[in-house]
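A look at the structure
Chain residues, written in single-letter form:
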Amino acid sequence: MSKEIKSSVPTDREVVFGILNDSKDMLNRLYKSYFPMVLQLVLTNNGNEDDAKDIFQESVIVLYNRVKAGKFELNSKLKTFIYSVCRRLWLKRLSQQSRNIGNVKDFEDFLSVDEDLEQHEEKDKQFKQMEHALKLLGEPCRTIIEDYYIQNRSMQEICEKFGYTNADNAKTQKYKCLQRLKKYFFRHNNLKNEE
Amino acid sequence: MKSDLELTNQIEAYLRGELSSAEQAEFDQLRASNPDIDHKVVEHQNFTKQLSEYGNRRQLAANMDAIHQQLDIIGLKDEVLPKTVQIRNLWKKYRVNTAIAASIAMIAVLSTMLSTGYFSKTISTNYSALRREINNIKRSQNALIKNINNKPVKGPSDPGHFGGTGFALSSNGYVVTNYHVIKDADSVYIQNTKGESFKVKQVYVDPAYDIAVLQIVDPNFKTLPSLPYSFKKATSDLGENVYTIGFPRDDQVIGKGYLSSRTGYDGDSVAYQVDIPVNPGNSGGPLLDNRGNIIGIISGKQTQSDGAAFAIKSKYLLKALEAIPKDLLEDKLVLNKKNTLSNLSPTDQIKKLQDYIFMVKVY
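Everything numeric here is computed off the predicted structure, so don't read it as measured data.

This part is about the overall build of chain A. Scanning chain A from terminus to terminus reveals eight helices and zero strands. Its helices and strands taken in sequence order, chain A reads α-α-α-α-α-α-α-α from the N to the C terminus. Put simply, chain A has 195 residues, and 30% of those count as buried. Taking the contacts inside chain A whose residues are at least 6 apart along the sequence as the reference set, 64% of them involve residues at least 24 apart.

Shown next, in the form of structure tokens:
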């Protein structure tokens, strides 16, 4: 079988531009180039392929957030960055599951990524809160909110989709939904803070 | 409530840049003058940003899942696991060398075995069947015919091409010898100690046990007195004294020895090993114990060691005789069961025996 032309490892600069442009193709090349490295790390340190998948995808999210925040300097190698993030994430998960860590078998150089991970944890928390709040919101509010604020659809489209007689009704509905979402989101937040 | 809704709509329009420049300027002013409204704008902006980040991240995760589905995880695992990678690389790298090394080793071993004669080691090299080749007197066919024409004799005076020994199985003329003595024979005669020759015919041969049963068909043959020896069915004990009578020359020769092993050449369980002096011509001779029982038939010896002669066990002689189809036997073959030798001294035993032992002459 002739393998499809194996997308060569993209240069770091290409990746950064790809991320900034939301290029799916670049995500594909990035994934295929660096996943094996992470798979190796996790498999040789008491993990399985599903762990590797979770860890790697999380590291890509960290990378995306960092690049989109305009902070990815090209003086650290992308490969090293991903490896370091995955290494930290995996160590953390191992200690959470109180599995034997022992000596980590390393395959690459790594650098300290504590700052990135702190930010990531914060974002991760917010993401989970939002996910939870949207779940509580229920239909049709959730779809309206997602369509308007995430997919950036116009009110006109939403009107037609949900069969509102005029845009004002839709706007009122959307407003109520948003208020409820905020309530869920912040209530959850407050509860967490009080704990 | 109403105003709040309107305000939110306005903030949204403002943030999305849907307002005209005049309206925008007016709203900017409102924000600057009213910190409450400004706060609301910032709050809304942050919240919608979080929403869109949530959406982006979900989209990213979905995209990655899709990519992950395309991956050949098992193949990747094979690739990244260090041990398998190492072995595979080693094998790929060295398999040609390995193959060559293996072939050279094979050739070396085989050629060594060949040159040291491992493969040619067969029974024939060490084992010699003891039939005598009689080539001291060579006569042409013409002479033979002349002889026959000149005088009607009891048997041909020609000593034959090969000789061996045989002994009587029953008084009515059945004789046993080795198969290798009479194989390829045109005709076979036997000669007793008195020098009388009788023509015999092959009744039955068993090449596996190296046994041939002959029957005297000569008109001059008179029935023998009843046999003095019997045939031993059981296996004899090691160290038992034994003797044999045979025709390594034209006269009877006695050989004495003892049973040295229960198996014959190369572990052959059909035969005994006997420490006894035997020579070509002894083949087919009886092997008797001290009490005059036939315990075997001398069949050969090992060429490269002393005192290792072999004799087929009498048990297998009896088996071979049982296997003879009834219709091959013209006269009944009844084995003697009574032993009249057991209380006699060795010399007396031999005296009684010698009439029943024949030289087998093969033409």
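Across its full length, chain B holds ten helices and 15 strands. Out of the 363 residues belonging to chain B, those deemed buried represent 30%. Nonlocal contacts in chain B, meaning residues at least 24 apart in sequence, comprise 67% of its contacts between residues at least 6 apart.

Let us look at the nonpolar core. Within the largest apolar cluster, 60 residues are counted, with the highest numbers of intra-cluster contacts made by B:Val175, B:Ile190, B:Ile211, B:Val274 and B:Ala311. Judged by nonpolar contacts, the second largest core, of 30 residues, contains A:Tyr31, A:Ala52, A:Ile55 and A:Val113.

Our focus in this paragraph is the packing of helix H6 (residues 141–150) of chain A against helix H3 (residues 35–70) of chain B. With their axes 9 Å apart at the nearest point, H6(A) and H3(B) run at an angle of 95° to one another. As far as their axial angle goes, H3(B) and H6(A) are roughly perpendicular. Contacts from A:Glu146, A:Tyr149 and A:Ile150 in H6(A) reach B:Thr48, B:Leu51, B:Ser52 and B:Gly55 in H3(B). Broken down by class, the residue content of the contact of H6(A) with H3(B) amounts to three nonpolar, three polar and one charged.

Among all residues save glycine, negative phi is the norm, and among peptide bonds the norm is trans. At A:Asp22, a position not held by glycine, the phi torsion is positive, near 55°. Within the secondary structure, A:Asp22 is located in the loop between helix H1 (12–20) and helix H2 (24–43). Taking the C-beta count within 10 Å as the criterion, A:Asp22 has 14 such neighbours and is therefore assigned partly exposed. Residues other than glycine seldom take positive phi values, yet B:Asp266 does so here, at roughly 60°. Residue placement: B:Asp266 occurs in the loop between strand S10 (253–261) and strand S11 (271–275).

Contacts between the two partners involve 25 residues from chain B and, on the opposite side, 26 residues from chain A. At the level of elements, helix H1 (2–15), H3 and helix H4 (73–80) of chain B are the ones that each hand at least two residues to the side of chain B that touches chain A. Per element, the largest residue contribution to the side of chain B that touches chain A is 14 residues, and it comes from H3(B). Of the residues belonging to the side of chain B that touches chain A, the class tally is 14 nonpolar, eight polar and three charged.

For the rest of this paragraph, the subject is the environment of B:Leu76. By the element assignment, B:Leu76 lies in helix H4. Among residues more than four places away in sequence, those in contact with B:Leu76 are A:Pro36, A:Leu39 and B:Leu71.

Residue and element names in this part refer to chain A. Assignment of secondary structure puts Asn-169 in helix H8 (residues 167–194). A residue is classified by how many C-beta atoms lie within 10 Å of it, and Asn-169, with 12 of them, is exposed. For the pair Asn-169 and Cys-159, spaced ten residues apart in sequence, the C-alpha separation works out to 8.5 Å.

This part takes up helix H4 (residues 78–96) of chain A. Residues and elements named next belong to chain A. If you check H4, its first and last C-alpha atoms are 27 Å apart, about what 19 residues at 1.5 Å a residue would give, namely 27 Å. The complete set of buried residues in H4 reads Leu-78, Phe-81, Ile-82, Tyr-83, Ser-84, Val-85, Cys-86, Arg-87, Arg-88, Leu-89 and Trp-90. Check the buried side of H4 and you find it contacts H1, H2, helix H3 (49–68) and helix H5 (114–137).

Once that is clear, we can look at the pairing of S10(B). Successive residues of a regular strand alternate their side chains across the two faces of the sheet. Residues and elements named next belong to chain B. As judged from the six bridges shared by strand S9 (residues 241–246) and S10, these two strands associate in the antiparallel manner. Directly across from Thr-244, in S10, lies its bridge partner Gly-255. Where S9 folds back on S10, the antiparallel hairpin that results is connected by six residues. Strand direction decides the pairing type here: S10 and S11, joined by three bridges, are antiparallel. Bridge assignment links Ser-261 to a residue of S11, and that residue is Gln-273.

Residue and element names in this part refer to chain B. Most of S9 is tucked away, with five of its six residues classed as buried. Relative to strand S12 (residues 286–289), S9 is paired through three bridges, and the arrangement is antiparallel. Its bridge partner lying in S12, Val-242 is registered against Asp-289.

Residue and element names in this part refer to chain A. On average, residues of chain A score 78 in pLDDT, and 86% of them are at 70 or above. Element-level mean pLDDT values for chain A span from 74 in H8 up to 86 in H3. pLDDT under 50 marks residues 1–5. Its contacts with residues more than four places away, or in other chains, come to zero contacts.

Definitions and cut-offs
Residues numbered from 1 in each chain as written. Chains lettered and ligands numbered in written order. Predicted model: local features only at pLDDT ≥ 70, side-chain atom pairs only at ≥ 80, totals over all residues. Helix = DSSP H or I, 4+ residues; strand = E, 2+ residues; numbered from the N terminus. Buried ≥ 20, exposed ≤ 12 C-beta atoms within 10 Å, placed from the backbone. Contact = placed C-beta atoms within 7 Å. Core = buried A, V, L, I, M, F, W, Y, C linked by C-beta atoms within 7 Å. Axes fitted to C-alpha atoms, helices over the stretch in contact; angles between N-to-C directions. Parallel < 35°, antiparallel > 145°, perpendicular 65-115°, else oblique. Nonpolar A, V, L, I, M, F, W, Y, C, P; charged D, E, K, R; others polar. Expected span 1.5 Å × (residues − 1). Pairing = 2+ DSSP bridges. pLDDT = per-residue confidence, 0-100.

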